Amino acid sequence: EILKQSGLSYSIVRVCGFNESPSGEASTIDLQSSTNDLSAVSRDDVARVCVSALLDPNALNKSFYMGKKKGQKSSSKDEDM
């Protein structure tokens, strides 16, 4: 809340969890306002979304959860955050 009230520009990317298996497909990543039906994503995918958020004016002053829709293929190396 302090960041939101500061007047600074921001994008907050929340991640449900990490795995070691990059998806390689942007269509498998989901951005939404809650963690419902989301599972872990790769660190590579998180980095790509963070860079995209810096360049996309639609991400300005927004916060969102990032993950894969549950049921999509994911690595067995999932870690809890």
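Before any of the text, the structure's been laid out above.
Residues numbered from 1 in each chain as written. Predicted model: local features only at pLDDT ≥ 70, side-chain atom pairs only at ≥ 80, totals over all residues. Heavy atoms only, no water.

**Topic: unusual backbone geometry**
Under the convention used in this document: Helix numbers and strand numbers start at the N terminus; a helix is a DSSP run of H or I with at least 4 residues, a strand a run of E with at least 2.
If you check the backbone angles, N61 has positive phi at about 60 degrees while not being a glycine. Assignment of secondary structure puts N61 in the loop between α2 (43-55) and β6 (62-69).

**Description of the pairing of β6**
Test applied: A strand pair is defined by DSSP finding two or more bridges across the two strands.
When strand β1 (residues 11-15) meets β6, the two strands line up parallel, connected through five bridges. Bridging across to β6, V13 finds its partner in F64. Two strands pair when backbone bridges link them, and strand β3 (residues 29-32) and β6 are joined in this way by four bridges, in the antiparallel orientation. Residue pairing in the sheet places I29 in a bridge with K68 of β6. In this sheet, β6 lies alongside strand β4 (residues 38-39) in antiparallel orientation, the contact comprising two bridges.

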